Amino acid sequence: MVSSGRLFRLYVLATDSENSKIERVTQRQRILITGRVQGVGFRPAVYRLASQLRLTGFVYNDTRGVTIELQGEQDKIVDFLERLKCADAAPLAEMDSCNMFDIDLVDGEQDFSIKTSQTDGTALSRVTADIATCTDCLAEMADEKDFRYRYPFINCTNCGPRYSIIRTIPYDRPNTTMSVFTMCERCAAQYDDVTNRRFHAQPVACPACGPKVRLTDNQGNTIQTDTDKAIAETARLFKDGKIVGIKGIGGFHLAVDALNDEAVKELRKRKRRDQKPFAMMAASIESIKKYVVVGDLARRALQSPQAPIVLLPKKKGCAIAASVAEGVSTLGFMLCYAPLHHLLFEHGLDVLVMTSGNISDEPLICKNDLAVEWLGSVADGFLMHDREIYRQVDDSIVHFIDDKPILLRRARGYVPTPVLMSEAAHKDIFAAGADLKNTFCFVKQNQLICSEHTGDLEEPEVYRHYVNSIEHLRGLFEVEPQVVACDLHPAYLSSRYARSIGDARIITVQHHWAHIASVMAEHKTQGPVIGLACDGTGYGTDGAIWGCECMIASLDKFERFGHLAYYPLAGADAASKEPIRPLLGLLSQSYGCDFDLEKFRPLLDPIEPDMKKQQIIIEQITKQINTVQTSSIGRVFDAVAAMLGLGTYNHFEAQLPMALEAIASPGTEENYDFELIDEIEKPLKLDLRIMFRQLIDDIRDGQETDAISAKFHNTLAAALLAIAERARESTQLNSVALSGGVFCNRYLTNRLIKLLKKADFSVLFNRKFPANDGGISVGQAAIVSCLVARGS
């Protein structure tokens, strides 16, 4: 808390219980608060507290947050601030800073008021994320005497849409898509009543004045406009095995009965999503418990205001349709988070597949007309409404590592909540992110403002969405980038876009350094740390494709301390899809002159029956045609999974590694052998050739695949620990930061963290941002912010 300026006091004589005279001090203070303080009932909470304490003054929103002026006795102002910090005052609010200034007293002021928002100045206030329906609203929606009985858009200051409906800040109704709905007298009375839970709740509405639901066929022709009948008919369609597009908070879902395998298969066929697991929705924890294991951590995550999809272990004999999620050991569940969802499940539905309303990997659709145009061939009908979604936002995904909730995809419920840096940036910064699982990030003073999950930029529609999203978020926070960060890879679409931005200075950031920096930014440290970055691909400073790295990293520099020994990888982008390519590279490295294709036919032919193709790949490797040197550990996972018969193609990113993790036996403690190779003035090398030969011997000897998988994972954990210990010996550093897509693997990451802690390391890892490439932009932004601050 910062205080400055003069203090003006008014001395008042008062009599206490013993008739002794005491001196009370009246003062006036201006209080500037930043954080998540708009659209969360913060001003009403301020008003109520000030009124209860008989303080005078006013409060208003501005572009930085909230400004309060308070006048009254000094002890009451102190009491006010203490009570304002309590979670009960405004449950969704988060104060990042509270600066106080003593100012002149105002004569004749009689009460406390809420003033009109001010829009001048630099935009620093937090835009609030969309929040799941609160228990108070659910109770009112179920109350026959309430005028919002069974209204599918009920909300208050503690819940409902925020980010998805806002056009610009400050967060007032005229700046949202609710501006087209004029409040009726009853809604307006609640909106203007400072004692009401809906005081200044911008999306407030009711059946008389707000958005409405309708059911249409797949051509957009209206079938039913009565809310209850439309919802009841939608439920009947699900029971008949039909697919329905449902418009929610951040866009459309494509939904189907999750217990009907034929219906789920039909959805996969129409959506052109053959393999990737579907998420599901249920109405209660009890329903979810029938199919998966739900512990206390999972229950809290499911019931949190963010209401993410939570990955949970399957129960044996689970009745969920097999085609919902094959080849994995977990299922993704979320609870109803919009009033419309709750009303729908009241019609006897158990579990619905609720997958993003798009075709394949294209952007989420949020407009009614586009849903009919693009999804009409997928859905049999649409349950839609007329509240415009200005910003489409996918569902977030959470899993658990080291008994902590970890974000795998950061979107609805979390975006655009910023991460605060310890030092403010002197210039506005834009970080373009990576091409896969893209997010982008802005730096505005001390805020890292990361976008929602965008997707893979190689899809033309996703790239267009990326460009439009940058402009929207830039305008929302009034960012004018003077410095731009992008990946070192020259062919990345995100890097090409970054270079197209005006006169901004461009700084390229190595991919794995950005991974480690994302952890440092989240944990508010500038380093140095021992960074372990493991993933599938990242362009290295030597032109090779990196993917298993140990670096000594700070936010202003890094040194490559060690890495997986390079092996040849043929086929460029095809190598991330076809495991035969990394497998042949690893075999040729592991067996050298002893490698003979004919001897490995029993192992290779089930993976790639085309012997001519095998020979072509070997020739590419031998002659170095369309072949790169790589330290990618992600491709090693692909090769091992393929050898264990878990698949011959990655239909989506990390499909084979996920299948490999799913079968790992938790009771296996053994590991294979590996070597660490020292070379003068060169990074330490992790040599897995012995492991590879031992693993293949196990396969040939008929060892159980679950044990082989576990031994493989255990080997990598042991090897990474050994590298970290060598780095500690060399640098005396004791903090290890883990990042990269491979650390989305729960088996490996939990084991490695356990080993590191046992060896007395302090372990840092991503929690608020994904360990995969969804966190790259945050790392880029943190690095460039540090470099700019230091004049680099």
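Residues numbered from 1 in each chain as written. Predicted model: local features only at pLDDT ≥ 70, side-chain atom pairs only at ≥ 80, totals over all residues. Heavy atoms only, no water.

### Description of the confidence of the model for the chain
Next up, step 1: When pLDDT is averaged across the chain, the result is 92; 95% of the residues are at 70 or more.
Next up, step 2: Segment residues 1-23 is flagged for pLDDT under 50; beyond a separation of four residues in sequence, or across chains, it makes 43 contacts in the model. (pLDDT = per-residue confidence, 0-100. Contact = heavy atoms within 4.5 Å.)

### Considerations on the packing of aromatic side chains
Next up, step 1: Tallied over the entire structure, the rule returns 16 aromatic pairs.
Next up, step 2: Taken together, a centroid distance of 6.1 Å and an interplanar angle of 20° make the contact between Phe58 and Tyr60 stacked.
Next up, step 3: Residue Tyr60 is classed as buried on the basis of its relative accessible area of 13%.
Next up, step 4: Residues Phe440 and Tyr466 carry aromatic rings whose centres are separated by 6.0 Å and whose planes lie at 75° to one another, so their mutual orientation is edge-to-face. Separated by 26 residues along the polypeptide, Phe440 in the loop between strand E20 (429-431) and strand E21 (441-444) and Tyr466 in helix H11 (residues 460-476) bring together distant segments of the chain.
Next up, step 5: In textbook terms, an aromatic cluster arises when at least three aromatic residues are bridged by ring pairs, as seen for Phe430, Phe440, Phe442, Tyr463, Tyr466 and Tyr497.
Next up, step 6: The cationic tip of Arg728 hangs over the ring face of Phe761; the distance from NZ or CZ to the ring centre is 3.7 Å. (Phe/Tyr/Trp six-rings, centres within 6.5 Å; stacked < 30°, edge-to-face > 60°. Buried < 20%, exposed > 50% of the residue type's maximum accessible area, 1.4 Å probe, protein only. Helix = DSSP H or I, 4+ residues; strand = E, 2+ residues; numbered from the N terminus. Lys NZ or Arg CZ within 6 Å of the ring centre and 35° of its normal.)

### Concerning helix H14 (residues 580-591)
Next up, step 1: If you check H14, its first and last C-alpha atoms are 16 Å apart, about what 12 residues at 1.5 Å a residue would give, namely 16 Å.
Next up, step 2: Burial within H14 is extensive, with 11 of its 12 residues counted as buried.
Next up, step 3: Among all positions in H14, only Ile580, Arg581, Pro582, Leu583, Leu584, Gly585, Leu586, Leu587, Ser588, Ser590 and Tyr591 are buried.
Next up, step 4: On its buried side, H14 packs onto strand E28 (567-570), helix H15 (601-604), helix H16 (611-623), helix H17 (633-643) and helix H19 (689-700). (Expected span 1.5 Å × (residues − 1).)

### A closer look at the pairing of strand E11 (residues 252-257)
The side chains of a regular strand alternate, residue by residue, between the two faces of the sheet.
Next up, step 1: Among the six residues in E11, five count as buried, and that is most of the element.
Next up, step 2: Relative to E11, strand E10 (residues 244-247) runs antiparallel, the two being bridged by four bridges. Opposite Lys247, over in E11, you have Phe252 as the bridge partner.
Next up, step 3: Here E10 hands over to E11 after four residues, with Gly251 in that stretch at a positive phi of 155°.
Next up, step 4: Bridge count between E11 and strand E15 (residues 351-356): five bridges; the pairing is antiparallel. Looking across to E15, one finds that Leu254 is bridged to Thr355. (Pairing = 2+ DSSP bridges.)

### A few points about the side chain of Asn155
Next up, step 1: Note that Asn155 resides in the loop between helix H3 (135-141) and helix H4 (185-192).
Next up, step 2: Looking at Asn155, its side chain comes within polar contact range of the main-chain oxygen of Phe153, at 3.0 Å.
Next up, step 3: Residue contacts for Asn155: discarding those within four places in its chain leaves Cys137, Gly160, Arg198, Ala201, Pro203 and Val204. (Polar contact = N/O pair within 3.5 Å; in protein donor to acceptor, adjacent residues only side chain to side chain.)

### Digging into the nonpolar core
Next up, step 1: Judged by nonpolar contacts, the single largest core of 100 residues is most densely connected at Phe42, Ile68, Leu70, Phe80, Ile246 and Phe430.
Next up, step 2: Beyond its immediate chain neighbours, meaning those up to four positions away, Phe80 contacts Val46, Leu49, Ala50, Leu53, Leu55, Ile68 and Leu70.
Next up, step 3: Counting 69 residues, the second largest nonpolar core, distinct from the first, contains Leu564, Leu583, Leu686 and Met691. (Core = buried A, V, L, I, M, F, W, Y, C linked by side-chain atoms within 4.5 Å.)

### Structural notes on the sheet that holds strand E18 (residues 404-409)
Next up, step 1: Read from one edge to the other, the open sheet built from 11 strands follows the order E9-E8-E16-E10-E11-E15-E12-E14-E13-E17-E18, with strand pairing classed as mixed. Here the strands that pair on one side only, and so sit at the sheet edges, are strand E9 (222-224) and E18. Neighbouring strand axes in the sheet, compared pairwise and without regard to direction, differ in orientation by 35° on average.
Next up, step 2: As judged from the five bridges shared by strand E8 (residues 213-217) and strand E16 (residues 381-385), these two strands associate in the antiparallel manner. Paired with Asp217 across the bridge in E16 is Gly381.
Next up, step 3: Along the sheet, helix H5 (residues 227-239) makes contact with E8, E9, E10, E11, E15 and E16, crossing E8 at roughly 40°. (Axes fitted to C-alpha atoms, helices over the stretch in contact; angles between N-to-C directions.)

### What about the sheet that holds E21?
Next up, step 1: With mixed pairing, six strands are arranged side by side in an open sheet as E19-E22-E21-E20-E23-E24. Of all the strands in the sheet, just strand E19 (419-420) and strand E24 (505-509) have a single pairing partner and so form its edges.
Next up, step 2: Pairing of E20 with strand E23 (residues 483-487), which is carried by three bridges, proceeds in the parallel orientation. If you follow Ile429 over to E23, its bridge partner there is Val483.
Next up, step 3: H11 rests against E20, E21 and strand E22 (447-450) of the sheet, and its axis sits at about 20° to E21.
Next up, step 4: Running over the sheet, helix H13 (residues 511-522) touches E19, E22, E23 and E24 and is turned about 95° from E24.

### Section: the packing of helix H20 (residues 705-731) against helix H21 (residues 746-758)
Next up, step 1: Put simply, H20 and H21 touch, their axes get as near as 9 Å, and they point 40° apart. The orientation of H20 with respect to H21, classified from their angle, is oblique. Helix-helix and strand crossings are classified by hand; for H20 and H21 the assignment is right-handed. Residues Ala710, His713, Asn714, Leu716, Ala717, Ala718, Leu720, Leu721 and Ala724 of H20 form the contact with H21, whose participating residues are Tyr747, Leu748, Arg751, Leu752, Leu755 and Leu756.
Next up, step 2: Residue classes in the contact of H20 with H21 are distributed as 12 nonpolar, two polar and one charged. (Parallel < 35°, antiparallel > 145°, perpendicular 65-115°, else oblique. Left-handed = near helix turned anticlockwise from the far one by under 90°. Nonpolar A, V, L, I, M, F, W, Y, C, P; charged D, E, K, R; others polar.)

### A word on the pairing of strand E5 (residues 66-73)
Next up, step 1: Of all eight residues in E5, eight are buried; the element is thus mostly enclosed.
Next up, step 2: Where strand E4 (residues 56-61) lies against E5, six bridges are found, and the strand directions are antiparallel. Note that in E5 the partner of Phe58 across the bridge is Glu69.
Next up, step 3: In sequence, E4 turns back onto E5 through a hairpin of four residues, with Gly65 there showing a positive phi of about 155°.

### A closer look at the side chain of Thr56
Next up, step 1: As for its placement among the helices and strands, Thr56 is situated in strand E4.
Next up, step 2: Reaching out from Thr56, the side chain makes a polar contact with the side chain of Glu109 at a distance of 2.8 Å.
Next up, step 3: When neighbours within four sequence positions are excluded, Thr56 is seen to be in contact with Glu69, Leu70, Gln71, Glu109, Gln110, Asp111 and Phe112.

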